[in-house]
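# Chain and residue survey
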Amino acid sequence: MSRQRVSKGSVIPKKEFKIATVLSSLPVGCDFDSFFSEFKRVYPKDWERVNKRYQEHERLTKPGKSHPMAHPLSYMRTAFNSFQKNLVKNSISAADYLVSLEEPKDKYIESEPTEKVRKEIVRNRNFVYSFEKRMLAVHLLGKYKCQECIDTLIDLMNNDHIFDVRVLAYEKLIRFGIDAGPQLKKPSHHTDPQITQKIESIGFSSEQVKTKEGCERAINEFRKKYPIEYDLYTSYWSL
């Protein structure tokens, strides 16, 4: 006889969407009772799912033990309060939330970045030893469709020493509707035949790097002297 288990899947599929749909039909600032009454009317099967899941937990939990499922009414109240807090935090209405679901997640505007954003892009792009920073620069560039950002993305796509940065720049250009050429092909893993000599050249002995402090100092020195090599190897183990 197989072991009985609680049903898998969400208690309420697309819960936030359904809560927003109900709230958008009610006066702004409505109380829980009004929401709850309307939710049961609009989504009776979901209310049945909440009760069914709770009963499963009750039936399969040993006497004296607790389970993670709140009482159905408490579950709905928590969902209501949590969603309302999220609306307040983001200064939007339930109707605005529904509209946001229909919009592209990664939007851009057809204008130049502000001076503050431009400085942030330049600062992040200049981190030769940090592909994460340059990827952040690419994400910022992808928010502004203008010739300056397009030119910078093209340069990064063609010349950055990290493949994933080039691919991200390529994807942003495609999203802008720019003909960026054929999809980039991933090169074979970079292996530097002189890496041992370069590590030795920073002047740290095996004894010095045994401690955490000594190891960190050696890594910092290597990063300063060989920023591209540092970035290539850290990206290989991170991405």
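In short, a report on the structure.

About the cut-offs
- Residues numbered from 1 in each chain as written.
- Predicted model: local features only at pLDDT ≥ 70, side-chain atom pairs only at ≥ 80, totals over all residues.
- Heavy atoms only, no water.
- Phe/Tyr/Trp six-rings, centres within 6.5 Å; stacked < 30°, edge-to-face > 60°.
- Lys NZ or Arg CZ within 6 Å of the ring centre and 35° of its normal.
- Helix = DSSP H or I, 4+ residues; strand = E, 2+ residues; numbered from the N terminus.
- Contact = heavy atoms within 4.5 Å.
- Polar contact = N/O pair within 3.5 Å; in protein donor to acceptor, adjacent residues only side chain to side chain.
- Axes fitted to C-alpha atoms, helices over the stretch in contact; angles between N-to-C directions.
- Parallel < 35°, antiparallel > 145°, perpendicular 65-115°, else oblique.
- Nonpolar A, V, L, I, M, F, W, Y, C, P; charged D, E, K, R; others polar.
- Buried < 20%, exposed > 50% of the residue type's maximum accessible area, 1.4 Å probe, protein only.
- Salt bridge = Lys/Arg side-chain N within 4 Å of Asp/Glu carboxyl O.

### Some details on the packing of aromatic side chains
Per the stated rule, a full pass over the model turns up 12 aromatic pairs. A network of ring pairs unites the aromatic residues Phe32, Phe35, Phe36, Phe39, Tyr43, Trp47 and Phe80 as a single cluster. Across the ring face of Phe127, the terminal group of Lys133 is positioned such that the distance to the ring centre comes to 5.5 Å. The aromatic ring of Tyr230 is capped on one face by Arg223, whose charged end is 5.9 Å from the ring centroid.

### Looking at the environment of Ser7
Here Ser7 lies in the segment before helix H1 (15-24). With near-sequence residues (within four places) excluded, Ser7 lies in contact with Arg53 and Glu56. For Ser7, the side chain forms a polar contact with the side chain of Glu56, separated by 2.7 Å.

### Focus on the packing of H1 against helix H4 (residues 72-89)
Running from amino to carboxyl end, H1 crosses H4 at an angle of 80 degrees, the nearest separation of the two axes being 11 Å. What the angle tells us is that H1 and H4 run roughly perpendicular. Residue-level inspection shows Lys15, Glu16, Ile19, Ala20 and Leu23 of H1 in contact with H4, the latter providing Tyr75, Ala79, Phe80, Phe83, Gln84 and Leu87. Residues that form the contact of H1 with H4 fall into these classes: 8 nonpolar, 1 polar and 2 charged.

### Brief notes about the side chain of Lys172
Mapped onto the elements of the fold, Lys172 is located in helix H9 (residues 163-175). On the basis of relative accessible area, Lys172 is assigned to the buried category, the value being 4%. In terms of polar contacts, Lys172 uses its side chain to reach the side chain of His139, at 3.4 Å.

### Quick word on the side chain of Asp46
Topologically, Asp46 is positioned in helix H3 (residues 44-60). On the basis of relative accessible area, Asp46 is assigned to the buried category, the value being 6%. Sequence-distant contacts of Asp46, defined by excluding residues within four places in its chain, comprise Ile12, Pro13, Lys18 and Phe39.

### Let's talk about unusual backbone geometry
In most cases, non-glycine residues show a negative phi, while peptide bonds are predominantly trans. Of note in this structure, Lys14 is not a glycine but carries a positive phi near 55 degrees. Inspection of the secondary structure puts Lys14 in the segment before H1.

### Thoughts on the pattern of salt bridges
Taken as a whole and assessed by the stated rule, the structure comprises 12 salt bridges. Of the charged contacts, one joins Glu38 and Arg41 as a salt bridge, the two residues approaching to 2.6 Å between their closest N and O atoms. Of the two residues, Glu38 and Arg41 both sit in helix H2 (residues 32-42), 3 residues apart, roughly one turn of that helix. Since its relative accessible area comes to 17%, Glu38 is described here as buried. Taking the relative accessible area as the measure of exposure, Arg41 reaches 58% and is therefore exposed. The partner of Arg125 in a salt bridge is Asp155, with the nearest N and O atoms 2.1 Å apart. Of the two residues, Arg125 sits in helix H6 (residues 115-125) while Asp155 sits in helix H8 (residues 147-159), which places them 30 residues apart along the sequence. With a relative accessible area of 30%, Asp155 lands in the partly exposed category.

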